[in-house]
Every structure is written in C-alpha cells, then in structure tokens.
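Structure assessment
Chain by chain, the residues:
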Amino acid sequence: MFKIWNNSPSQWKMLVSREQIVHYLETVQDLIVILLCVGLFSIMLIRMGELFFSLMHPLQFQAITSDILFLLILVELFRLLIIYLQERRISVGVAVEVSIVSALREVILRGVVEIPSTQLWAICGFLAVMGGLLLIRTLQGRIFKTVGFSEKNLHL
C-alpha cells in the first residue's frame, strides 16, 4: 500500500490515467444504453402482443391508433439508442421526430374536441417549433455538405 505513495508522479499518472478512466466510463455508459435497448425491445414485443389480441375484439379506432403510434415511438427511441451506440452522438432529427409523434399520439388519444383550447394552442406552438427545428436541421445538413463537411462531423 505504501509503495503506491512512494512512487514517482509519472508512475502515479500511469496508474490513474485520464484515458483509462474515460474508457471505463464510456464502457459503463454503453452497457447502460445496451440495457435500455433490450428493455425497449422487450416492451415493444409485449405491446405488439397486446395489439394483436386487441384486434380480436371489436375495433376501437382511437385505442388501436394510439397503440400503433406508441409502437412507432418505441421504434424511434430504439433507433435513437442504436445511432448513439454507433456514432456516440444523439441524432437531433430522430429526437424531434419522436417528440412530434408523441404529441400527435396524445392528441389522437384524447381527441381534438376534448382538449381545452389553451392546451390545443400550446400543442400547435410546440409542433410549429419542432417542425422549425426539423427544417433548420435539414438546411444545416445541406449547408455543411456543400461546404465539404461530412455528416459524421456534425455533432449536435
């Protein structure tokens, strides 16, 4: 135990290097993301089974549409996690798409007529902002591609 403290500073830096710590933390983070992927995938399978059994009963348009949109949200979240594992970045476009589909799912689930007008205006504003973000992201991608940057260099 005392040998560690008696070592020179260069040997101490070799024992606890910044690169090793970052590597271990990234490995733990990747493990967490993999566990999230497995959890999302299992939830998707369970919800697909429930959707299949709900189709055997009399059709309820709102419930079935809501379940399908929920599955699409889970698929997009799964894709977001896969992109993170591959590229070590969060895809802004996919995150915005998930937000838009989530808001639309809530509107469909509750019904447009039953939502108070203030909440409806807030949802409209939210969707307009999200649509603007998608438009800016698309324009930004085109601008950087024409300048000569690759998509891998765009870390948003």
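Only a predicted model underlies this, so the values are computations on that prediction, with no experimental measurement involved. Counting restarts for each chain, with residues numbered from 1 along the sequence as it is written. With pLDDT at 70 or above as the cut-off, local features in this predicted model cover only qualifying residues; side-chain atom pairs require 80 or more to be listed or tallied, and sums for whole chains, interfaces and linings still use all residues. Neither water nor hydrogens contribute to the side-chain values; these are computed over all heavy atoms in the structure.

Thoughts on a nonpolar patch on the surface
On the surface, Val-16, Ile-21 and Leu-25 cluster together into a nonpolar patch covering about 270 Å² of accessible area. Numbering of helices and strands runs from the N terminus, with a helix taken as a DSSP run of H or I at least four residues long and a strand as a DSSP run of E at least two residues long. Looking at the secondary structure, you find Ile-21 in helix α3 (residues 18-54). Only residues whose relative accessible area exceeds 30% and that form no salt bridge enter a patch; like-charged residues are grouped when within 9 Å of one another, and nonpolar side chains (Val, Leu, Ile, Met, Phe, Trp, Tyr) when within 5 Å. In these tables, accessible area is a Shrake-Rupley quantity obtained with a 1.4 Å probe, and a residue counts as shielded only by the protein chains included in the view. Whenever a carboxyl oxygen of Asp or Glu lies within 4 Å of a side-chain nitrogen of Lys or Arg, that contact is scored as a salt bridge.

Describing the environment of Leu-74
Among the structural elements, Leu-74 can be located in helix α4 (residues 61-87). A simple rule labels every residue: compare its accessible area, found with a 1.4 Å probe on the protein chains alone, to the largest value its type can have, and call it buried under 20%, exposed over 50%, or partly exposed in between. Residue Leu-74 is classed as buried on the basis of its relative accessible area, which comes to 5%. As a C-alpha pair, Leu-74 and Cys-37 span 37 residues in sequence and 10.0 Å in three-dimensional space. Any two residues whose heavy atoms approach within 4.5 Å at even a single point are treated as in contact. In contact with Leu-74, other than residues within four places in its own chain, are Leu-40, Ile-43 and Met-44.

Points about helix α5 (residues 92-110)
Structural remark: α-helix, 3.6 residues per turn; residues separated by three or four positions point the same way. To estimate the expected span of a helix, subtract one from its residue number and multiply by 1.5 Å. For α5, which comprises 19 residues, the first-to-last C-alpha distance of 27 Å matches the rise-based estimate of 27 Å (1.5 Å per residue) to within 8%. Along α5, the positions that sit buried rather than exposed are Gly-93, Val-94, Val-96, Val-98, Ile-100, Ala-103, Arg-105 and Val-107. Just downstream of α5 lies Gly-111, where phi reads positive at about 90°.

Quick notes on the nonpolar core
In this structure, Val-33, Cys-37, Leu-40, Met-44, Leu-51, Ile-64, Leu-71, Leu-74, Leu-81 and Tyr-84 together form the largest nonpolar core, which totals 10 residues. Only α3 and α4 provide two or more residues apiece to this core. Not counting residues within four places of it along the chain, the set of residues in contact with Tyr-84 comprises Gln-29, Asp-30, Val-33, Arg-89 and Ile-90. Among the nonpolar cores identified, the runner-up in size contains 5 residues, and Ile-73, Leu-80, Ile-83 and Val-98 belong to it. For the purposes of this section, nonpolar cores are sets of buried Ala, Val, Leu, Ile, Met, Phe, Trp, Tyr and Cys residues that join through side-chain atoms within 4.5 Å.

Considerations on the environment of Gln-119
Tracing the sequence through the fold places Gln-119 in helix α6 (residues 117-147). At a separation of 3.3 Å, a polar atom in the side chain of Gln-119 contacts the side chain of Arg-110. Two N or O atoms count as a polar contact when they lie within 3.5 Å, although within protein this holds only if one can serve as hydrogen donor and the other as acceptor, and sequence-adjacent residues are included solely when both atoms are side-chain atoms.

Considerations on the packing of α3 against α4
In this analysis, axes come from line fits to C-alpha atoms, helices being fitted only over the stretch in contact, and the angle between any two N-to-C directions falls in the range 0 to 180 degrees. Running from N to C, α3 and α4 cross one another at 160°; their axes reach a closest spacing of 10 Å. Relative to α4, the element α3 lies roughly antiparallel. Crossing handedness for the pair α3 and α4: left-handed. Any residue that is not Ala, Val, Leu, Ile, Met, Phe, Trp, Tyr, Cys, Pro, Asp, Glu, Lys or Arg is counted as polar, Gly included; the first ten are nonpolar and the last four charged. Along the lines of polarity and charge, the residues of the contact of α3 with α4 split into 22 nonpolar, 2 polar and 3 charged. Convention used here: angles under 35 degrees read as roughly parallel, angles over 145 as roughly antiparallel, angles from 65 to 115 as roughly perpendicular, and any remaining angle as oblique. Note on convention: the crossing is left-handed when the near helix lies turned anticlockwise from the far helix by less than a right angle, right-handed when the turn is clockwise.

From the geometry alone we can't say anything about function, so treat these as descriptive.
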